[in-house]
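Structure at a glance
Here's the letter readout for the chains.
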Amino acid sequence: MDTKRKQMLQGIINKHHLGALIFWRPDELVMTLGYMPLWGLSFLLYTADDRPVLFIPEAEPVDIIPTGITFQTFPWGNISCPDPWENLYNQMKLLLQQKNLQELPVSFIPSIGGSAPCRMAGEQPPLPPGLIAALNGVSRKGWVDVSSDLLNLYAYKTAFDIQQLTITHQISAIAVQTFYANAVSGNTEADIAAAVEYEVAKCVNMPQIHFARAWAMIQSGVNAAWGGTYNRTTGKRLQNGELVIMEIGICVNGYWADITRTAKIGDVSKSQHEIYDLVYEAQKSGISMMKPGVKMRTIDSIVREKIEAAGFGRFFKHALGHHVGFRYHDFGPLLSPGSDSLLEEGMLLTVEPGIYGEEINMGVRIEDNVLITDSGCMVLSSYPGVPD
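What comes next is a walk through the structure. (Residues numbered from 1 in each chain as written. Predicted model: local features only at pLDDT ≥ 70, side-chain atom pairs only at ≥ 80, totals over all residues. Heavy atoms only, no water.)

Quick look at the pairing of strand S9 (residues 348-351)
- Of the two faces of S9, the one carrying Leu348 and Thr350 and the one carrying Leu349 and Val351 are both buried.
- Pairing geometry for S9 and strand S12 (residues 368-372), over four bridges, is antiparallel. Counterpart to valine 351 in the pairing with S12 is aspartate 368. (Buried < 20%, exposed > 50% of the residue type's maximum accessible area, 1.4 Å probe, protein only. Helix = DSSP H or I, 4+ residues; strand = E, 2+ residues; numbered from the N terminus. Pairing = 2+ DSSP bridges.)

A short note on the sheet that holds S9
- Strand order in the open sheet formed by three strands is S9-S12-S13, and the pairing between neighbours is antiparallel. A single partner strand is all that each edge strand has here, and the edge strands are S9 and strand S13 (377-379). For this sheet the average axis-to-axis angle between neighbouring strands, irrespective of direction, equals 30 degrees. (Axes fitted to C-alpha atoms, helices over the stretch in contact; angles between N-to-C directions.)

Side note on the nonpolar core
- Grouped together as the largest cluster of nonpolar side chains are 39 residues, with contacts concentrated most on Leu21, Phe23, Tyr35, Leu44, Tyr46, Leu54 and Leu150.
- Elements supplying a minimum of two residues to this core: helix H1 (3-16), strand S1 (20-23), helix H2 (26-33), strand S2 (43-47), strand S3 (53-57), helix H5 (147-152) and strand S8 (255-265).
- Counting residues per element, this core draws most heavily on H2, which supplies four residues.
- Discounting residues that sit within four places of it in the chain, leucine 54 has contacts with Leu29, Leu33, Tyr35, Ser42, Phe43, Leu44, Ile65, Ile69, Thr70, Phe71 and Gln72. (Core = buried A, V, L, I, M, F, W, Y, C linked by side-chain atoms within 4.5 Å. Contact = heavy atoms within 4.5 Å.)

Examining the pattern of salt bridges
- Applying the stated criterion across every chain yields a total of 18 salt bridges.
- The shortest N-O distance in the salt bridge between lysine 284 and aspartate 368 comes to 3.8 Å. Here lysine 284, found in helix H8 (residues 270-287), pairs with aspartate 368, found in strand S12; they are 84 residues apart in sequence, far enough to count as distant.
- Judged by relative accessible area, which is 27%, lysine 284 ranks as partly exposed.
- Among the ionic pairs, aspartate 300 bridges to arginine 304, the shortest N-O distance being 2.8 Å. Taken together, the residues span about one helical turn, with aspartate 300 and arginine 304 both in helix H9 (residues 296-309) at a distance of four residues. (Salt bridge = Lys/Arg side-chain N within 4 Å of Asp/Glu carboxyl O.)

Details of the packing of aromatic side chains
- One pass over the structure, following the stated rule, counts 13 aromatic pairs.
- Measuring from centroid to centroid gives 5.2 Å for phenylalanine 179 and tyrosine 180, while their planes differ by 55 degrees, and the two rings are tilted.
- A relative accessible area of 0% places phenylalanine 179 in the buried class.
- Measuring from ring centre to ring centre gives 6.0 Å for tyrosine 255 and phenylalanine 326, while their planes differ by 50 degrees; the resulting arrangement is tilted. Taken as a pair, tyrosine 255 in strand S8 and phenylalanine 326 in the loop between H9 and S9 lie far apart in primary sequence, 71 residues in all.
- For phenylalanine 326, a relative accessible area of 0% corresponds to the buried category.
- Cation over ring: lysine 4 sits above tyrosine 156, and NZ or CZ is 5.7 Å from the ring centre.
- When the ring centre of phenylalanine 316 is taken as reference, the NZ or CZ atom of arginine 304 above it lies at 4.0 Å. (Phe/Tyr/Trp six-rings, centres within 6.5 Å; stacked < 30°, edge-to-face > 60°. Lys NZ or Arg CZ within 6 Å of the ring centre and 35° of its normal.)

Details of the environment of isoleucine 360
- The residue isoleucine 360 is located in the loop between strand S10 (354-357) and strand S11 (362-365) in this model.
- Setting aside anything within four residues of it in sequence, one finds isoleucine 360 in contact with Ile275, Phe315 and Ile355.

Structural notes on the environment of glutamine 124
- Its location among the elements puts glutamine 124 in the loop between strand S5 (106-107) and helix H4 (131-136).
- Glutamine 124 sits in the partly exposed class, given a relative accessible area of 31%.
- C-alpha separation for the pair glutamine 124 and isoleucine 112, spaced 12 residues apart in sequence, amounts to 17 Å.
- Discounting chain neighbours no more than four positions away, the residues touching glutamine 124 are Trp39, Gly40, Ser115 and Cys118.
- Only 2.6 Å separates the side chain of glutamine 124 from the backbone oxygen of glycine 40, close enough to count as a polar contact. (Polar contact = N/O pair within 3.5 Å; in protein donor to acceptor, adjacent residues only side chain to side chain.)

Written as structure tokens, this is what we have:
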């Protein structure tokens, strides 16, 4: 487990006099252990003695568990056990008793609005209806709410996280290259999406890559006019003189990138060139000002005002960016007009201005993932030799 993340977790436990923290969402397990579960039914009991135990279903492959992690199994996937969940709760209670922590409360995030997918992304098995109540009863002192501190964990990427996110963005470079290579007249939006997702899936054969998946959404020509409202791929064929947007979420080993690129198909008009260049320059002006201590709304306003000054303000319809890394959209304050939150070292944020509309019959968005460093920022999704 990453040393910095351990210190953060132990700090929360000490601050609130807890016996343990409990995590089970796939993004929480990636954040705490660097572990992406297969079934999405694993539970981490992070105890106050700094010796966490991971509880995994019997059906979970053990070769995906990071080395050095203590784990126990519970009989989910074993048809001979009528109630695997009661078995899990009893194991947790027993562990707290063995560690003399049963007289201290536990905490976890009861609700966060969903989670990142597990490796079995087609369908995560359902968690039991009484899960929250049962976890409240794991300790004799019950549950206390420290959700604010736990949710703040999402906003900080440790050195280990950054190392893993660098790998994710190396795979993202392959996706971006594939997009530009296939963004040609005659291909359908679906052709491009399939090519990108195929190339990312192939990366599982590469060193250090044990999971790689992409969700590419392609919108061309008039379809891209809706890029500020929704992203979807259709069977429409690309034509010369159009712009085409790729919005892509990529998950590698449980770590996420969220990137958008816009390509030009053949000869596009002068106005299309100008709008593309405006979005590009506006984004770069905002990124150039990103560093610790700057208000998030300030970055949004730098970009938004540049677009508004050119007469396209009404076509920029959404916030400038969000946290990313453990999920496609991490919890945390946005780069938006109403956000007084400050940029802090360790944050990873998207910066994604766009201009879209039926009136202009087109859409443009450029999105990068920007890491806040101790004195400035670094664009993880900047790929030398690949068009911006």
